[in-house]
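Each chain, written out:
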Amino acid sequence: MTTTRTTSAPSKPIPYIYDDSEQLAGDVASRLLSNLAQAQKERAYASLVLTGGRTGTAVLERLRTAPNRDIVNWHRVNFFWGDERFVARHHPDRNEKQAREALLDHLPVDPSRVHVMAPCDGGFGNDATAVANAYQALLCAYGRLDRTPLFDICLLGMGEEGHVASIFPDSPAVLEKQREVVAVYNCPKPPSTRISLTLSAITRSREVWLMTTGDAKASAVATLMEGVTPQLLPAAGALGSHATRVFLDAAAASLLSNCADLRASAR
């Protein structure tokens, strides 16, 4: 698919450091509500890319229980996913299932604006490439592939080796430049087959919010903030057109040389 795009310079990552994962989830949820409400004020609708995992799900749970959650018109939010495990619809590992249980099933969302990646027992059967092609077509039908940004906010976790969505170091997906969505095979983490946005799609977010916790992530975080190529650390290529925010607990930030100063500035 050929597209004509306007681009802007990607933003450098801005770290925010919290005492623990609970404090992080609460603040990210609060920021997310404010940003989505502002997006709707400016553009009537908002678009949000969801992520799975423990931290991403915790943020969604905090959104659900936030007393001011109705500052967002949830009927006017378009929901997408950064990636999906290619498993059956009701499999507990499926990001869609986690998001529905944590948030979506509890909000007055417009079902036509909840854009899921099809499961392996869906209409495309066990053909992950067909699912990726369909999601690519969906983004095209969304009508904004000729403009940047495509999404208002893209939520992402980060793995110990620096993967984001299902883009792993030295994989074909990290090198993809022409497509917004790909099928990912032979992933180093189970399940081995997944569907993922590419860095080309992720970087067409107005803001990218990376969230990661735990000392097992500390080395990848330090490498990210020092600067490295996306091929070695895919998170380094996940940059928003307006802002890139990296939300960390103290353990994940423990190898940053200016950790104490950054913690103070995040408050």
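Residues numbered from 1 in each chain as written. Predicted model: local features only at pLDDT ≥ 70, side-chain atom pairs only at ≥ 80, totals over all residues. Heavy atoms only, no water.

Trainee: How should the overall build of the chain be read in this particular structure?
Mentor: Secondary structure assignment for the chain yields 8 helices and 9 strands. Relative to the compact-globule value of 18 Å for 267 residues, the chain shows a C-alpha radius of gyration of 17 Å, a close match. The 267 residues of the chain split such that 54% are buried. Long-range pairs, those at least 24 residues apart, make up 77% of the contacts in the chain with a sequence separation of at least 6. Here the chain has roughly 11500 Å² of accessible surface; of this, 50% comes from carbon and sulfur atoms. (Helix = DSSP H or I, 4+ residues; strand = E, 2+ residues; numbered from the N terminus. Rg over C-alpha atoms; globule rule 2.2 N^0.38 Å. Buried < 20%, exposed > 50% of the residue type's maximum accessible area, 1.4 Å probe, protein only. Contact = heavy atoms within 4.5 Å. Areas by Shrake-Rupley, 256 points an atom, 1.4 Å probe, with all protein chains shown as cover.)

Trainee: Can you walk me through the state of the cysteines in this structure?
Mentor: Counted under the stated rule, the structure contains 0 disulfides. Between cysteine 120, a cysteine without a disulfide, and cysteine 187, which holds the nearest cysteine sulfur, the sulfur-to-sulfur distance is 14 Å. Its sulfur unpaired, cysteine 154 is 17 Å from the next cysteine sulfur, which belongs to cysteine 187. Accessibility expressed as a relative area gives 0% for cysteine 154, which makes it buried. (Disulfide = S-S within 2.5 Å.)

Trainee: Quick question: what am I supposed to make of the confidence of the model for the chain here?
Mentor: Low pLDDT means the predicted coordinates in that region are not meant to be read closely. Averaged over all residues, the pLDDT of the chain is 91; the fraction at 70 or higher stands at 90%. Overall, residues 1–7 carries pLDDT values under 50, and its contacts beyond four positions in sequence, including any with other chains, amount to 15 contacts. (pLDDT = per-residue confidence, 0-100.)

Trainee: Whenever I open this one, the packing of aromatic side chains confuses me. Can you help?
Mentor: Any pair of aromatic rings gets described here by the distance separating the centres and the angle formed by the planes. Across all of its chains, the model carries 6 aromatic pairs by this definition. Residues tryptophan 74 and phenylalanine 79 carry aromatic rings whose centres are separated by 6.4 Å and whose planes lie at 10° to one another, so their mutual orientation is stacked. Comparing tryptophan 74 with phenylalanine 79, the two get one shared label, buried. An aromatic cluster of at least three residues, connected via ring pairs, comprises Tyr16, Tyr18, Trp209 and Phe247. (Phe/Tyr/Trp six-rings, centres within 6.5 Å; stacked < 30°, edge-to-face > 60°.)

Trainee: I keep staring at the sheet that holds strand β8 (residues 205–212) and nothing clicks. Help me out?
Mentor: Within a sheet, adjacent strands bond to each other through the backbone by hydrogen bonds, running parallel or antiparallel. Here 6 strands make up an open sheet; going across it, the order is β1-β9-β8-β5-β2-β3 and the pairing parallel. With partners counted over all chains shown, the strands left at the sheet margins are β1 (13–18) and β3 (77–81), one partner each. Taken over all neighbouring pairs, the strand axes of this sheet differ in orientation by 20° on average, direction set aside. Strand direction decides the pairing type here: β1 and strand β9 (residues 243–249), joined by 6 bridges, are parallel. The residue bridging proline 13 from the neighbouring strand is threonine 244, located in β9. (Pairing = 2+ DSSP bridges. Axes fitted to C-alpha atoms, helices over the stretch in contact; angles between N-to-C directions.)

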